[in-house]
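# What the coordinates show
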Amino acid sequence: MTTIITRLFPDEAAAQSAVDRLIFKGIPKRECEIVLGGDHVETRLANAQVHATAIETYRKKLEAGHAAVVVRTTYKPLGAARLTREILDQRETIDAGDVANDFFVRSKPQKATSVLKDHPHFLSLSGIASPGLITGGMGLPMLSDRGAGRSLMRGDKRMSQLFWPMPLISRKRRSLSIIPGGRQMSKAFWPMRLVSTKPRRKSVIPGGGFPLSRLLGLRTTI
């Protein structure tokens, strides 16, 4: 909602002083307007959004040399309508009689202007190119007819071969050990066999199979 506040002042200088004070207090300059007498004064009052019941009274006052101040207050700054009334009522004004000097109007939504002058749709190809893909309108092919190469470099050579002349993959037969001769690493410092072929025993004590209690002569049952 927008609050329209109108006041009559003795002359243009008094009206301009009041407007300057409103702007100093934070009221947007674009929302303050001074209307003076002259040609088409009724139309100018209506365009300034003076209430219909006050236009005839204001016209007569302006023809007598007075000036009208019209302020269209919104929610910016906070309490703008109250602040405007306080500032205007502290100054010398002209009594306009029983007319609407303070009223509400419904705010109209602001319509964004179009980026394109001749078309309201943003990012549209209408009037710019024929319908279809953007690349087609610019004459750019999307796919290449060239065959897929094995390398980005010309001559079908791999990049690594420029600085590494040796082959990347060895053709030699795989061995079981990295030590020449095929010996396991453990055999180099441990000459004994790693795995025994003897049959497994039930006890680690030589003599086999006797519990420790028998060796010490102890009874195992009560």
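Use the structure listed above.
Residues numbered from 1 in each chain as written. Predicted model: local features only at pLDDT ≥ 70, side-chain atom pairs only at ≥ 80, totals over all residues. Heavy atoms only, no water.

### Let's talk about the overall build of the protein chain
- Each helix and strand counted, the protein chain has six helices and four strands in total.
- Sequence-ordered secondary structure for the protein chain, helices as α and strands as β, is β-α-β-α-α-β-α-β-α-α.
- Looking at the 222 residues of the protein chain, the share that counts as buried comes to 22%.
- Of the contacts formed within the protein chain by residues at least 6 apart in sequence, a portion of 70% connects residues at least 24 apart.
- Here the protein chain has roughly 18800 Å² of accessible surface; of this, 57% comes from carbon and sulfur atoms. (Helix = DSSP H or I, 4+ residues; strand = E, 2+ residues; numbered from the N terminus. Buried < 20%, exposed > 50% of the residue type's maximum accessible area, 1.4 Å probe, protein only. Contact = heavy atoms within 4.5 Å. Areas by Shrake-Rupley, 256 points an atom, 1.4 Å probe, with all protein chains shown as cover.)

### Description of the environment of P28
- Position of P28 among the secondary structure elements: in the loop between α1 (12-24) and β2 (32-35).
- Look at P28 and you get buried, because its relative accessible area is 18%.
- Separated by 44 residues in sequence, P28 and R72 have C-alpha atoms that sit 9.2 Å apart.

### Details of the environment of L62
- By secondary structure assignment, the location of L62 is in helix α3 (residues 55-63).
- On the basis of relative accessibility, which here comes to 3%, the residue L62 falls in the buried class.
- Put simply, L62 and G37 are 25 residues apart on the chain and 4.6 Å apart in space, counted from C-alpha to C-alpha.
- Leaving out residues up to four positions away in the same chain, L62 has contacts with L8, V35, L36, G37, V41, L45, A67 and A68.

### A word on the pairing of strand β3 (residues 67-73)
- Of all seven residues that make up β3, seven are buried, and the element is covered over most of its length.
- Here β3 shows a buried face lined by A67, V69, V71 and T73 and a second buried face lined by A68, V70 and R72.
- Strand direction decides the pairing type here: strand β1 (residues 2-9) and β3, joined by seven bridges, are antiparallel. The residue of β3 that forms the bridge with I5 is V71.
- Direction of pairing for β2 relative to β3: antiparallel, over a ladder of four bridges. Within β3, the residue paired with E33 across the bridge is V70. (Pairing = 2+ DSSP bridges.)

### Let's talk about the sheet that holds strand β4 (residues 102-105)
- Spatially, β2-β3-β1-β4 is the arrangement adopted by the four strands of the open sheet, whose pairing is antiparallel. Unpaired on one side and paired on the other, β2 and β4 mark the two borders of the sheet. The mean angle between the axes of side-by-side strands here comes to 20 degrees, regardless of whether they run parallel or antiparallel.
- Bridge count for β1 against β4 is four bridges, and the pairing is antiparallel. Within β4, the position partnered with T2 by the bridge is V105.
- Together, β1, β2 and β3 form the strand contacts of α3, whose direction differs from that of β1 by roughly 35 degrees. (Axes fitted to C-alpha atoms, helices over the stretch in contact; angles between N-to-C directions.)

### Thoughts on α1
- Look at α1: 18 Å from first C-alpha to last across 13 residues, which is about the 18 Å you get at 1.5 Å a residue.
- Those residues of α1 that sit buried are A15, A18, V19 and L22. What you see down the axis of α1 is that its buried residues fit within an arc of 100 degrees, all on one side. With respect to the buried face of α1, the exposed residues turned more than 90 degrees away are A13 and F24.
- Buried positions along α1 lie against β1, β2, β3 and α4 (80-89).
- Among the residues of α1, the N-terminal cap falls to D11, whose side-chain oxygen and the backbone nitrogen of A13 are separated by 3.4 Å.
- Positive phi appears at G26, one or two residues downstream of α1, with a value of about 110 degrees. (Expected span 1.5 Å × (residues − 1). Arc of directions from axis to C-beta. Polar contact = N/O pair within 3.5 Å; in protein donor to acceptor, adjacent residues only side chain to side chain.)

### Considering α3
- Inspection of α3 places I55, Y58, R59 and L62 among the buried residues, and these make up the whole buried set. Buried residues of α3, seen end-on, are gathered within an arc of 105 degrees and therefore sit on one face of the element.
- Turning to α3, the residues buried within the fold contact β1, β2, α2 (41-47) and β3.

### Quick look at the packing of α1 against α4
- Orientation of α1 relative to α4, taken along the N-to-C sense of each, is 145 degrees, at an axis distance of 10 Å. As α1 runs across α4, the sense of the crossing is right-handed. When α1 is examined against α4, the residues A18, R21 and L22 are found in contact with a partner set consisting of T84, I87 and L88.
- Partitioning the contact of α1 with α4 into residue classes produces four nonpolar, one polar and one charged. (Left-handed = near helix turned anticlockwise from the far one by under 90°. Nonpolar A, V, L, I, M, F, W, Y, C, P; charged D, E, K, R; others polar.)

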